[in-house]
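An overview of the molecular structure
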Protein chains: 2
Amino acid sequence: MELDARKKKILQAVIKNYLETGEPVGSRTISKYTDLELSAATIRNEMADLEEMGYIFQPHTSAGRIPTDAGYRLYVDDMLQTRAEQMNSRQEEPLRHAENTAGPDRMEERFERIETVLKDVVKMLAVNTNYTSVVSMPQANRNRLKFLQLTLLDSKKLLCTIVLEGNIVKNEMISIKDEIDQQTLLKLNLLMNSTLNGLTLKEINFDMAARMAEQADKHGELVSDILSHIVATIGSADGIEIFTSGAKNIFRYPELADSMRAGEIISTLEEKELLTELMTEDHGDDSDKTTGIQVYIGKETPVNSMKDCSVITATYEFEKGVYGKVGIIGPKRMDYEKVVAALSNVTDSLDKKFNKDK
Amino acid sequence: MELDARKKKILQAVIKNYLETGEPVGSRTISKYTDLELSAATIRNEMADLEEMGYIFQPHTSAGRIPTDAGYRLYVDDMLQTRAEQMNSRQEEPLRHAENTAGPDRMEERFERIETVLKDVVKMLAVNTNYTSVVSMPQANRNRLKFLQLTLLDSKKLLCTIVLEGNIVKNEMISIKDEIDQQTLLKLNLLMNSTLNGLTLKEINFDMAARMAEQADKHGELVSDILSHIVATIGSADGIEIFTSGAKNIFRYPELADSMRAGEIISTLEEKELLTELMTEDHGDDSDKTTGIQVYIGKETPVNSMKDCSVITATYEFEKGVYGKVGIIGPKRMDYEKVVAALSNVTDSLDKKFNKDK
DNA sequence: AGTTAGCACTCCGACTAAATGAGTGCTAAC
DNA sequence: GTTAGCACTCATTTAGTCGGAGTGCTAACT
């Protein structure tokens, strides 16, 4: 069977209607709703076909139709494509695009800590969309070390301050066995900085560690100790920081609101580790390369507890090469168009904001 | 009317039973449950009295009784008192107390970052009690400044690393207008450290700021700028870090599980700022001075969204004078005894752990 | 061919009525 | 002061009924 233009139009109508009402949509409704003037009976035939093709289904005999994941997928792909086309044609007249980015006024107030900015953004998103939203701090992973500083706190504790290229700062407390004096500390600082500066985490390897340990002479052990602390601190998945907002919004959507499902989702939001996979690597190849927007429908999501949700993520750039993600979690019948637009605006604003600060 | 021993016993029986079942308890049940051999009819009379006194109530005519907040209060106060007495008598034989502290094995593995420890603890609590649990990082508020360091990141940004007495480290990024060279930076570091070291946040005042600005000569503006950044960073409620676990546990208790209530609670847990009040100052005067355990029943809690819950908090000591709090949030019919015991154990373990590390 | 109207059928959801049962308050007797 | 007995209340459960929305199918229409 073939998916001709008319079937596609009907499918779209079913989905749009279902997005609005959240209830199975029947043939009569469609027959009025669409501009193609067809009777309910004809629609029924077409809908039977669409069901056979796996785009829609009935929750029970003699009920209206509901889109399947495949149906949503088709719809979303279509939407993204026409969106991309629109963007392209608009690139020539950037004015439109500019006036489209709402809300930067809220974020420009003054120089703020990035956490504050992101917390504001995520809250704003949740409030505006009525879905749950998440944001990750810029990822340090593939980032270069800019500067590191060892400071003696007391006779047994060393404070190691690590600054990465994107001006991301981390602290690590290191316990030391043997006492150490200011002089050698100064030397160590010099040594480590000169060796490590500008390096990616992945460029720091055993070889280098060995060479440094050698140069540090009797403090070799301490150096490698420090080094492994550094690597661990930055590299650990633990390092990812995620903020969420609007968790309670899932209660707006009955299909997610039963305590089992909601509990699972909320646990995931609470234990942010489980979101790591979602908020770091690019999953799937269906991401929109130009905007960094990804749409996961139902089982497509990498997060187990969200098999009944749809998740949309977008990428923002904090500094050159340093990225973070913003995401929206909602029911499968979420307003994909609105959410994609909102995320796109937000990442645009963030990109601008962070670039302006430089 | 007077609350004689028998009435008290009946009240206790009602509450105990209700804690277990979660359902209104009737006179027949009590008549069997208690050791005082009384018929249901007698119990009924007594219960009518108890209702008049405001300790219990009926959700509707011809239903069993449910404890009121006042009823719980009485019960809890009693429990805490007998508990305190037991503790006192046990102090002479500390072995008992020692074997009572379960779970330190889980936390002793190795030197861990305090965040990790606290996250483990809060998770463990949630799993063991089946309630929602929260923990706050040690509070910096009334803490002394141990050390502070200014580092030039680039021509426009200054990194300010702040270490407080309890080895709590904070970073603050400060934008500067005029460029500054390493020499003056060194001087500033020296000046600020020598002036501020060992001071409480509250001891840093305008007077001092003025004096320092004066000494800093032409960089006076920068100094006061930095100073206000420091004060703001540390002092801001923003600075409190809170971890939660087991949010989904509220769904175990139908009286909290409806989406309105649950949504409110979950929002509060998500926006940790709202928990600040709960996790910082001592509220109410009914706290158990010896253990730092506080019990908030229903409307007593300082957090608005938890008017239908009970909240129990306990204080642990990170370092001399640096405190954090652990809390359990559950339904009013929570197992107060078990929770108090669990919290008491946890704070004991934490106290020991942190003191041993030193 | 494709489209439409008509009709029997299915199934859900809302409503009603009756039965059940736990629990109370009250009275009268012990 | 305590208890047994009884009438009464009210939430919960069960079963039964009804209406409506929507379907699939067939037959007629273009």
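These figures come from a predicted structure and were not determined experimentally.

**Considering the overall build of chain A**
Across its full length, chain A carries 14 helices and 10 strands. For chain A, with 358 residues in total, the buried portion stands at 51%. Long-range pairs, those at least 24 residues apart, make up 60% of the contacts in chain A between residues at least 6 apart in sequence.

**A look at the packing of aromatic side chains**
Aromatic ring pairs: the centre-centre distance and the angle between the two ring planes describe each pair. Considering all chains together, one arrives at 9 aromatic pairs over all chains under this definition. Their ring planes at 50 degrees and their centres at 5.9 Å tell us that Tyr 72 of chain A and Tyr 336 of chain A sit as a pair that is tilted. Of the two residues, Tyr 72 of chain A sits in helix α4 (residues 69–90) while Tyr 336 of chain A sits in helix α14 (residues 336–357), which places them 264 residues apart along the sequence. Given the relative accessible area of 1%, Tyr 336 of chain A is considered buried. Taking 6.2 Å as the distance between ring centres and 50 degrees as the angle between the ring planes, the aromatic pair formed by Phe 251 of chain A and Phe 251 of chain B counts as tilted.

**Regarding the protein's contact with DNA strand C**
Within the structure, DNA strand C sits among 20 residues, and Arg 6, Thr 42, Thr 61 and Ser 62 of chain A together with Ser 27 of chain B are positioned closest to it. Sugar plus phosphate, as a fraction of atoms of DNA strand C within 4 Å of the protein: 77%. Contacts to DNA strand C include Thr 42 of chain A, whose side-chain N or O atom sits 2.5 Å from a phosphate oxygen. Top element by residues in the surface near DNA strand C is helix α3 (residues 40–53) of chain A. It accounts for 4 residues. When the residues that make up the surface near DNA strand C are grouped by side-chain class, the tally is 4 nonpolar, 11 polar and 5 charged.

**As for the relation of the copies chain B and chain A**
Expressed as a screw operation, the relation of chain B to chain A combines 0.0 Å of axial shift with a rotation of 180 degrees, fitting to an RMSD of 0.3 Å. As the rotation angle and translation indicate, the two copies are arranged about a two-fold axis. Across chain B, the rotation axis passes nearest the C-alpha of Glu 270 of chain B, at a separation of 3.7 Å. Of the interface residues in chain B, 100% have counterparts in chain A that sit at the interface too, so the contact is made through matching surfaces.

**Here's the deal with the pairing of strand β3 (residues 132–136) of chain A**
Residue and element names in this part refer to chain A. Counting buried positions along β3 gives 5 out of 5 residues, so the element sits mostly inside the fold. The alternating pattern of β3 places Thr 132, Val 134 and Ser 136 on one face and Ser 133 and Val 135 on the opposite face, and all of these are buried. The sheet contact formed by β3 and strand β7 (residues 242–245) spans 4 bridges and is antiparallel. Bridge assignment links Val 134 to a residue of β7, and that residue is Thr 244.

**Brief notes about the pattern of salt bridges**
Side chains bearing opposite charge may pair, as long as their charged atoms lie close to each other. Residue and element names in this part refer to chain B. As enumerated under the stated definition, the model contains 30 salt bridges over all chains in all. With a closest N to O distance of 2.6 Å, Glu 300 and Arg 73 form a salt bridge. One end of the pair, Glu 300, is in the loop between β8 (294–297) and β9 (309–319); the other, Arg 73, is in helix α4 (residues 69–90), with 227 residues separating them in the sequence. On the basis of relative accessible area, Glu 300 is assigned to the partly exposed category, the value being 33%. Of the residues examined, Arg 73 reaches a relative accessible area of 16% and is grouped as buried.

**Considerations on helix α8 (residues 182–196) of chain A**
Residue and element names in this part refer to chain A. Helix length check: α8 (15 residues) gives 21 Å between terminal C-alpha atoms against 21 Å at 1.5 Å per residue, within 8%. Within the sequence span of α8, burial applies to Thr 184, Leu 185, Leu 188, Asn 189, Leu 191, Met 192, Asn 193 and Leu 196. Looking one or two residues past α8, Gly 198 carries a phi angle of roughly 80 degrees, positive in sign.

**Brief notes about the interface of chain B and chain A**
Contact residues are listed per partner, giving 38 residues for chain B and 38 residues for chain A. Contact between chain B and chain A buries roughly 3300 Å² in total, counting both sides, with carbon and sulfur atoms accounting for 51%. Considering only the surface of chain B that becomes buried against chain A, Arg 113, Phe 251 and Glu 270 of chain B emerge as the three largest contributors, covering 16% of it. Counting the contacts that link chain B with chain A gives 6 salt bridges. Between Glu 271 of chain B and Lys 123 of chain A there is a salt bridge, with its nearest N and O atoms 3.0 Å apart. Linking chain B to chain A there are 14 residue pairs in polar contact (both at pLDDT 80 or more). Contributing elements (two or more residues each) for the side of chain B that touches chain A: α7 (114–129), β4 (145–154), β5 (157–164), β6 (168–175), β7 (242–245) and α12 (259–270) of chain B. Residue contributions to the side of chain B that touches chain A peak at 7 residues, all from α12 of chain B.

Conventions adopted
Counting from 1, residues in each chain are numbered in the order their sequence is written. A letter from A marks each chain and a number from 1 marks each ligand, given out in the order of writing. The predicted origin of the model limits local features to residues at a pLDDT of at least 70 and limits the giving and counting of side-chain atom pairs to 80 or more, whereas totals for whole chains, interfaces and linings rest on all residues. Only hydrogens and water are set aside when side-chain values are computed; all heavy atoms of the structure are taken into account. Secondary structure elements follow DSSP: runs of H or I of four or more residues count as helices, runs of E of two or more count as strands, with numbering from the N terminus. Each residue gets one of three labels from its accessible area relative to the maximum for its type: buried under 20%, exposed over 50%, partly exposed in between, using a 1.4 Å probe on protein chains only. Here a residue-residue contact requires only that any non-hydrogen atoms of the pair lie within 4.5 Å. Stacked, edge-to-face and tilted labels apply to pairs of Phe, Tyr and Trp rings (six-membered ring for Trp) whose centres lie within 6.5 Å, assigned for plane angles under 30 degrees, over 60, and everything in between, in that order. Here a residue is considered near a molecule or strand provided that any single heavy atom belonging to it is located within 4 Å of it. Here a polar contact means two N or O atoms within 3.5 Å. Within protein one must be a hydrogen donor candidate and the other an acceptor candidate, and residues neighboring in sequence count only if both atoms are side-chain atoms. Residues are sorted three ways: Asp, Glu, Lys and Arg are charged, Ala, Val, Leu, Ile, Met, Phe, Trp, Tyr, Cys and Pro are nonpolar, and all the rest, Gly among them, are polar. Our superposition of the copies is a least-squares fit, built on the C-alpha atoms of residues whose pLDDT is at least 70 in both. Two strands are said to pair when DSSP picks up at least two bridges between them. What counts as a salt bridge is simple: a side-chain nitrogen of Lys or Arg found within 4 Å of a carboxyl oxygen of Asp or Glu. A helix's residues, less one, multiplied by 1.5 Å, set its expected span. The term buried area denotes the loss of accessible surface (1.4 Å probe radius) that occurs when two parts are joined, taken as the sum for both partners.

Purely geometric numbers; function is a separate question.
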